[in-house]
Every structure is written in C-alpha cells, then in structure tokens.
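# Structure assessment
So you can see what is in the structure, the chains are spelled out below.
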Amino acid sequence: MRSTALPILLLPALALALLVQGCTTPTYYPPRGGRLPPPVIEQGSQAPADQRLPPPSVSVPPPVTAPVARPQPPAVVALLDTAERQANSGDLEAAAASLERAIRIDPRNPVLWYHLATVRLSQGDSQAAEQLAAKSNSLASGNTVQQARNWQLIARARRAHQDERGAATAEQRARELSGR
Amino acid sequence: MTRRRPRRRKSPRRKRSHKPFPWLKLLLVLLLMLGGYIVWLDIQVTAQFTGKRWSLPARVYARPLDLYAGQELTPEQLVAELEALHYRPVRSVQQAGQYSRNREVFHVMTRPFTFWDGEEPARNLRISFSGGRVSQLAERTSGSAIALARLDPVLVGSFYPAHNEDRVLLQLDKVPVSLTDALIAIEDRGFYQHHGIAPLAILRALWANIRAGGVVQGGSTLTQQLVKNFFLTSERTLLRKVNEAIMALLLEIHYSKDEILEAYLNEVYLAQDGSRSINGFGLASYFYFERPLSELSVDQYALLVGLVKGPSYYNPWKHPERARARRNLVLDVMARLALISEEEAVRARTQQLGVGPVGRKAINTFPAFLDLVRRQLQTDYRDEDITSEGLSIFTTLNPQVQWRLERVLSKRLDELENGLRMERGKLEGAAVVTSVQGGEVLAMAGGRDPKFAGFNRALDAYRQVGSLLKPAVYLTALEQPQRYTLATLIDDGPLTYTARNGDVWEPGNYDRQNHGNVPLYQALAHSYNISTARLGLALGVDKVILTLRRLGVEQKLNPYPSLLLGAVEMSPFQVTRMYQTFASGGFATPLRAITAVLASDKTPLQRYPLKVYAAIEPGPDHLITTALLYVVREGTGQAIYQALPADRNVAGKTGTTDDLRDSWFAGFTGDRLGVVWVGRDDNQPTGLSGSTGALRVWRDLFAGFNDSGWTQTLIDGIEYQWIDPATGLLADAGCLDAVQLPFITGSAPTEYAPCVRGIGTLPEAVDWFKELFQ
C-alpha cells in the first residue's frame, strides 16, 4: 500500500502546477455566428492594397478568444489536499471520492482526472487508470507537462495489464512531449 | 355433523371415570404446558428483540449542495435549497437548521451529517453573494475563510417494504431528555421502578375508569405497550392481556430499562400517512414538524408525547383543539413534576401547534428519478435489502434542476396544446438532464405530471428517434478523413434506392426541396434526409450500426436503409447516453444516478465510481461536435437563440418522425446535457417538429441555467482552415461566406475556391490563428 500510494505524494507540487495550468491551456471557441469574417486581409500584408475588402457584412465575435486565466477555486485545492491525505493513509477509495467531488466542481481540469487515474492505478485497476489518463489528455491540450505525465501513467497502466508494446509507445509519447 | 356430536360428549366422561387422580395429571400437564408456553414466548421475545428489530426503508438523498467561494449560485437558489431542507428563517441564528438573510449575506447553521466520505460537522457559516456567485464563505464567529462546506442532502424519497411501516431510528443518547422525561411522566411514571408490569397502576387505572364510567386511563407500563406493539395483534382478549404481561416480565428480565425505552421510542405508533404508518418519535418529528427531533421545542415534545395516547383522536390537523388541550395537559404534568419551570410551561402553552402543512409527507417527491435509482440499485441489491436494511442512498439528483425541469415541462406542454388547439392533456413529454463530463443524472421527468409514479417515459417510452440518429451516420463518415471531411460536398439530389429484394426507397426532405451539393456539415445542420441517406448508403448501414454500438445503443437494430433516417426506437435515457459520448469529448460515461450507498450504521457499503472509456477518437469527436454547433447556429436548432444569449455555444440536434409523431431535441452546453421528447402516448401525430416542440422545452429549461458555453479544446491532430461552403474548397477573404472548419491534419482540401483572390494569404491566416493560443 505504501509504495502504491507514493505518486499521490506529488499532489502538492501538482496542485501548484494546476494553478499555472489554468493560465496556459488554450481553448478554442468555435464559430459563434453564421459566417465568420476571414481574418486574412485585416492581419495580412501580402494582398495588394487595391484588393483589400470592405469589412465583413456579418459582425460576429472572433472564433478564438484568448484563454481566460481563471482563478482555481480554493475548494478544488482543498479537495486535492484531502485526497492526498486520504491516499497517504491508505484510504484510496475515499481519495477517489474526494477527487470525483473536485471534478464535479471543476470538470474540465485535466489535473483532477490525472490524479483519479493515479488512484485507480494504485488500486490495481489499470484499465480504468488508462482511460482516465486518456480523458485527462483530451482536456490538456497545449499543456505538454500534463500530457507527458498522462502518457507516463498510461505506460505504467499498460504494463500492468501486460501490454508491453502499448506501454513502449506511450513512453515514447511521453519522451517526445518532455523533450519539446 | 349430527352423528359426531353425541360421541364427543361421551368420550371424556368415559375417560374420567376410569383413571385415578385425573386432576393431578391434568395439573401437571397444564404446568408443563404453561412452562413450555413461557419458554416459547421467551424465545420469541429474545429472538425478535435481539435480532433485527425493524425493517428500515432505504432513504434516498439528493446530491448535497457544495458551498465554496466562486461557485455559481444565486441567493434564491440557496433559499430554495434551505427550504427543501426545512431550515427555518430566523432573525438571529441560534441552532442547527436555522438561517438568516440580510440581502446578499446569509448566516446558516448547518446540520451535521454522515456522508460516504465521513462526517460533515455542523457549521456556523457566513455566505456572501455577489453577481450570481458565492463571493465569500467563512466561519461566522471567527471570520476565517472556509474552502468548502456542504449542506445536508435533501431527502427525496424512501423505498418502503410491502407493509409500509416507516421510521427514523433513534439512539437513546441522541434523544432529548425533556422528551423522555415527558413520556415517562405521562405514560408510565413508575417505569424505572417496576418489573414490566405495575399492578398498582392497573388498580389505579381501574378505579379511575370505574369512577369515570369508561376507559380514561390505561394501566399499561411502557414495557407492556412495547410488547403490545412489538409482538402482538391489537385484538382485546384476555389471552392477549396475559401474554402481554408475561412477555413484559420476560423482556425486563433480559434487557435493561434503557434498551426497552429506546425500543419504545422507535416503535410507538404516532401517525398514519395514507397507507404508511409512522412509527417512532424520530420519524414523527419529521412528519409533524418537518425537522429532526433535536431541533424541536418543549411544546412540540409535549405534543408528540400527548399523541401517544391516540394519534388519530388528537390529530393536530383534524382536531387542533383536542391536540392543544392534550399538549397543554402534558405541559401541566411536566411543570408539576418540575421537569420544566412554571414560566416555561406558561410560555409553551401559548405556542401555536407548529405543525407543518397538511398532506402526505413522504411520498416520493421525484418518482421518475427514484425509479431510475431503484433500477440501478437492483443490479447490486436484492429487493428486500433495498426496502428493509435501512440503506442511505446518495444520488446525483440536483433538486434545483429537477424543480425547474418539472415546471418548464408542464408549462410548455400547456402552451403547445393551446397553440395547436389540441385536447388538453393529450401531449406528453419526458426529459433527462446530465452533467456533461461526469455523466451524472441531474434530473429526470417521466411525464408531464411530475408526481405521477406510473409509466416512466424517460426510461420506458421507446419511440422513433428520427434525425437524432443522423450524427451517427456523419460520425461514421468523419472517421474516414481520407474520404470525408466537414467540407466534403454531398449530393442532396433525388434518390431512389432499390433493395436486393426489390423494395424501392425514396427518402424526401422535410421541406420537400432538393438542395444540390451541400457541404457535409450543412447537410447535418439542416438535417437533410436525402443527402444523409445517400451518405449512409455509401458508408454501409452495417458500418453505421457499429458506430451506434460504440455510442452505447444496445437494442436490436435492423440493417435497413430507413435506419439511417432514424427508424430506430429508443428511450430518452438511451438517447442521452448516445449524446453523452459526443458531449464528453468522445468518452462514453455510464449514466449514474447513484454515487454511494451507506449501511444503516453509516458504514460505507458501496460506491458507484466515475468511469470513462474512449468510444470515439478525439479527432472525429471534435468534428462531429463542431457540426452539432452549426445545427444550433445556422440549422434546425436556431430557435435556441431566441432565449439563450448569443455568446453561449450550444451543440445539439433536433429530431422529428413521420407525420410529426415524435418531437425530440438533444443538446448540450459546457456543463449540462439535456434530452427532451414530446409526443403522444397513443403515438398519434402532434403537429410538432423537433424544433417547434421538444426544442422549446429544452430552451425554457436551459434559459434558467447560467451554464458556460460548449467549448472545443483544440487538440493535436486537428487544424482549422477557412472554407468556401459553396465549393467545399479553401477560402480567403475574397469569399464572404467563408467559414472556419476543423480538419483532421492532412485531410483539408488543397484546392482554392474560385472566390479566392489573393493567392498565398492563407498560410498567414493559419499562423494568425495559431498565435492566439500559443
């Protein structure tokens, strides 16, 4: 139990990472209205002046907005602390419950999904762990640190269910991401 | 008959005359029998008293309301939650279960509660609101910030055993002393002295009854009353009286006074609620006053004690004067025995009865949702465990969402009927609301009347889904990026399909028009039948079926071409499962109504964990959800924005079946997914399409939520390009109708549309696009 709970000890450091992560995850906001103004000419410089077009007829918000740095709710940080305490005292299912509660509050936070995956792996449920880490990945675009971590976890999970080749692939992904 | 009688009379006589000392033997036999009988009673008493004494119904709780700074919550929502929990609004908060409000600042003293993950202590909270959010959460006395707190959960129902007895178990040390004092003072003053029966009390009662010329006083001790309730029927025979006395004595031999008193407090019959009997003071407190025993005042204890004598005779709703007189009598006795002071008694006598509103209390508030909970429990528990083991079941129900759903569904159906000049009550509806990432069922409506516990349409109404199925066809296509992209033009011209058996199929569009070549995303957005059918036939119906299987559709599917246009019957719950996968980034999530189950002693029994598994690759999921966004922005779902703010992205799909029999809408924001069905039970046409019926209900519902819009996370392997929809080719600023569409890397068209004028500007566009988020 002691050795399996070890990854959880990293939680405080990750809680910090999580605070940073909130500011770096790029988010794409898809089209908000019928036709979108092609941004080329306004930005570009290559089109000759006489070819410049009048402003687009439909006024809609741009498809991409700069990521909003949203403050991490202290509630989520508190639940991560609780989960860590529970995991260190060997109560992994309680830790999972705390993490699920945190996910209820902040469902798109990849760090929380990653920790839930870690707990499941510690409990020996490598299938669930792999899926949860993949879920974390799907929410962690642009956050290569988190992605690399997820792939490392996926590698361990795959190894745990005797998928050596899959594990090697995952490790490769993790290395590529860390090297970037 | 006539022949037997004489024989019977003769035989005893004959026996008696022949045997010596018959009376001695008889006496011996009688003594032996009596001894045996007492032993038998003793076995009964000990077996029942020591073993499981009561079958306790399972209690079903809504999700507890978490409270934290930054949370989206309005003061009104908090008040609604507190009211559902029967917290009392007061000027100054003194005890648990009370709150005060000063505009946007609340003081709440929460009740302690045992959850799956441990005890939540009672807390004295100060909650401040600002702009529809909790701005501060603090400990009231110290003022220090609290990161997270939660209220006790709203009890939303119980699963009763067949005999319909209900109680909330009490432990003696948790019962207020004033209650037990009053009870003993009124019912059995000698309780701590006697050995189960009190002959003197019986004589006293007899004397009082003779004087009064009728039964005015009972001589039964609490022990006898307990025995009567516990082991015996209510018939009034001498034998029963004898049994009662013997068993009372036996009980006292085996058990302590405290054990007997505790059992009494939990057993005594205190009210009738329809077919359900209310037993014990624990539940009676909720039944009469809507709050736990510990929060009652002395006059309320006195009323409860007074009711022991005759719950229907002293029924405080039907006979308030009798109840008041009885309560005041109890108060007088308490004052006389100095259990309360004279001033306290005077004050208590002037109090109102204080009982809650009349009516049946604990009928299950949300029958459709409870139906789902019960079905999910039945996969793990036997029926008798559910109704008798006193389980605490923690669910995902969000009462705020549920209340709103019930309100908007019945209101909108009324309006639709009015608009259609339809006979009232013909139109039915059902809906499911879940959380997008966790797959938790937040609310469910099984029909128009939310209190009707019958046919649960959300789970059991299997209706044709029509165009709701189309995303599965398009997803199947988009999973082959070398063949299909969102920009691929597909043919919406007339289609005649001849099956191998010679059957001819000629699908038509809803607007009876053909639309020529349309880009794939628009064909879905406008829900064109012909292009969808052509696409599906090119892909193969069996391929589409495989996709549906991955999306969690389990029932038998016939590989006919009509399947492509939704000739498949599904329940709203199944549709929810399918759309859940789209909404949560391609990860299927089993829809959960239960999070955890506790045993009656509050030890954790089982948890229902959050599980996900990848069902759709992130790339294709990104594409299909983009198309679903266009459904609501430009297609059949546009009416959403008549009520929702224009900057809130919603992805969804309408569904309409032949002759307007079924009206569907499935849609999601960044936080919640909702699926609504509107139709008639007799499957007659309603005159409603997906967007004129179900969509309206969805819109009414979601207009009340402050959800974040659906956001796409830009993932690896996806790139965006400007596209000219008329040709499906690359666009630039020369193309006024250009749209920016996502492509699986390498699958975007490489040719430029005719409208493109400044060749070579596109790479910059892409760079500009990328810069914004890196």
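For the structure given in this document, a descriptive report is provided here. (Residues numbered from 1 in each chain as written. Chains lettered and ligands numbered in written order. Predicted model: local features only at pLDDT ≥ 70, side-chain atom pairs only at ≥ 80, totals over all residues. Heavy atoms only, no water.)

### A look at the overall build of chain B
The criterion, for reference: Segments assigned H or I by DSSP are reported as helices when at least four residues long, segments assigned E as strands when at least two residues long, and all are numbered from the N terminus. Both definitions apply: the radius of gyration is a C-alpha atom measure, and the globule rule equals 2.2 Å times residues to the power 0.38. Throughout, exposure labels follow a simple rule: accessible area from a 1.4 Å probe, protein chains only, divided by the maximum for the residue type, with under 20% read as buried, over 50% as exposed, and the rest as partly exposed. Two residues qualify as a contact provided that any one of their heavy atoms is within 4.5 Å of a heavy atom in the partner residue. For every accessible area listed, the method is Shrake-Rupley and the probe measures 1.4 Å; residues are considered covered only by the protein chains on display. His is not counted, nor are the chain ends, whereas Lys and Arg count as positive and Asp and Glu as negative. In plain terms, the charge of a residue is placed at NZ if it is Lys, CZ if Arg, CG if Asp and CD if Glu.
When its secondary structure is counted, chain B shows 24 helices and 33 strands. Since a compact globule built from 774 residues should have a radius of gyration of about 28 Å, the 35 Å found for chain B marks it as more spread out than a globular shape. The principal-axis extents of the C-alpha atoms in chain B amount to approximately 125 × 80 × 50 Å. Within chain B, the proportion of its 774 residues that are buried is 56%. In chain B, 68% of the contacts between residues at least 6 apart in sequence involve partners at least 24 apart. Summed over its atoms, the accessible surface of chain B is roughly 34100 Å², and 53% of this surface lies on carbon and sulfur atoms. Taking the 88 positively charged and 80 negatively charged side chains of chain B as two groups, their mean positions are separated by 15 Å.

### So, the overall build of chain A
Within chain A one finds nine helices and zero strands. Seen in sequence order, chain A has helices and strands lined up from the N terminus as α-α-α-α-α-α-α-α-α. Surface exposure of chain A reaches about 8100 Å², of which carbon and sulfur atoms provide 55%.

### Re the packing of aromatic side chains
Residues and elements named next belong to chain B. Convention followed: By convention, a stacked pair of Phe, Tyr or Trp rings (six-membered ring in the case of Trp) has centres within 6.5 Å and planes under 30 degrees apart, an edge-to-face pair has planes over 60 apart, and any other such pair is tilted. We count a charge as sitting over a ring when the NZ of a lysine or the CZ of an arginine lies within 6 Å of the ring centre and within 35 degrees of the ring normal.
According to the stated counting rule, one finds 20 aromatic pairs over all chains in the structure shown. When the ring of Tyr288 is compared with that of Phe289, the centres are 6.5 Å apart and the planes differ by 50 degrees; the resulting orientation is tilted. Residue Tyr288 is classed as buried on the basis of its relative accessible area of 2%. Judged by centre distance (5.3 Å) and plane angle (75 degrees), the rings of Phe665 and Trp698 are edge-to-face. Of this pair, Phe665 sits in strand S29 (residues 662-668) while Trp698 sits in helix H23 (residues 694-703), and the two are 33 residues apart along the sequence. An identical accessibility class is assigned to Phe665 and Trp698; each is buried. Three or more aromatic residues link up through ring pairs in this structure, and these residues are Tyr61, Phe113, Phe115 and Phe394. The ring of Phe191 has Lys257 lying over it, and the distance from NZ or CZ to the ring centre is 4.7 Å. Against the face of Phe705 rests Arg672, its NZ or CZ located 4.0 Å from the ring centre.

### Describing the sheet that holds strand S33 (residues 739-744) of chain B
Residue and element names in this part refer to chain B. What counts, and what does not: Each pair of strands is called paired provided DSSP finds at least two bridges between the two strands.
The antiparallel open sheet is built from three strands, whose spatial order is S32-S31-S33. Unpaired on one side and paired on the other, strand S32 (729-730) and S33 mark the two borders of the sheet. Summarising the sheet, strand S31 (residues 718-724) and S33 pair through six bridges and their orientation is antiparallel. If you follow Ile718 over to S33, its bridge partner there is Ile744.

### Some thoughts on the state of the cysteines
Residues and elements named next belong to chain B. We apply this condition: A pair of sulfur atoms, both from cysteines and within 2.5 Å, is called a disulfide here.
Summed over all chains, the structure comprises one disulfide over all chains. In this model, Cys735 is linked to Cys755 through a disulfide, with the two sulfur atoms separated by 1.9 Å. Between Cys735 and Cys755 the sulfur-sulfur dihedral comes to about 90 degrees; the bridge is accordingly right-handed. Of this pair, Cys735 sits in the loop between S32 and S33 while Cys755 sits in the loop between S33 and helix H24 (762-771), and the two are 20 residues apart along the sequence. Residue classification places Cys755 among the partly exposed positions, given a relative accessible area of 22%.

### Some thoughts on the nonpolar core
Residues and elements named next belong to chain B. Going by this rule: We call a set of buried residues a nonpolar core when its members are Ala, Val, Leu, Ile, Met, Phe, Trp, Tyr or Cys and they connect through side-chain atoms within 4.5 Å of each other.
By size, the foremost hydrophobic cluster in this structure holds 117 residues, and its most contacted members are Leu78, Ile127, Leu377, Ile393, Phe582 and Phe668. No other element matches helix H22 (residues 618-633), which puts seven residues into this core. Grouped together as the second largest cluster of nonpolar side chains are 59 residues, Phe231, Leu283, Ala302 and Val305 included.

### A look at the side chain of Gln86 of chain A
Residues and elements named next belong to chain A. Selection criterion: Pairing of N or O atoms within 3.5 Å defines a polar contact, subject to two protein rules: one partner must be a possible hydrogen donor and the other a possible acceptor, and residues neighboring in sequence count only if both atoms are side-chain atoms.
Take Gln86: it is sitting in helix H4 (residues 74-88). Here Gln86 falls in the buried class, since its relative accessible area comes to 13%. Polar contacts involving the side chain of Gln86 include one to the side chain of Ser98, which spans 2.7 Å.

### Topic: the pairing of S29 of chain B
Residue and element names in this part refer to chain B. By the criterion of burial, S29 is predominantly enclosed, with seven of the seven residues buried. Taking every second residue as pointing to the same face, both faces of S29 are buried, with Asp662, Trp664, Ala666 and Phe668 on one and Ser663, Phe665 and Gly667 on the other. Of the strand pairs in this sheet, strand S28 (residues 651-656) and S29 are connected by six bridges, and their pairing is antiparallel. Each residue of the ladder has a partner; that of Gly652, found in S29, is Gly667. Here S28 hands over to S29 after five residues, with Asp659 in that stretch at a positive phi of 60 degrees. With seven bridges connecting them, S29 and strand S30 (residues 672-680) associate as antiparallel partners. Note that in S30 the partner of Ala666 across the bridge is Val675. In textbook terms, the turn of a hairpin is the stretch between consecutive antiparallel strands, and for S29 and S30 this stretch comprises three residues.

### Here we look at the side chain of Arg59 of chain B
Residue and element names in this part refer to chain B. Position of Arg59 relative to the elements: it lies in strand S1 (residues 58-61). Residue class for Arg59 comes out buried when judged on its relative accessible area of 10%. Within the structure, Arg59 has its side chain in polar contact with the side chain of Ser158 (distance 2.9 Å). Each residue touching Arg59, except ones within four places of it in the same chain, is listed here: Leu155, Gly157, Ser158, Asp166, Arg167, Val168, Leu391, Ser392 and Ile393.

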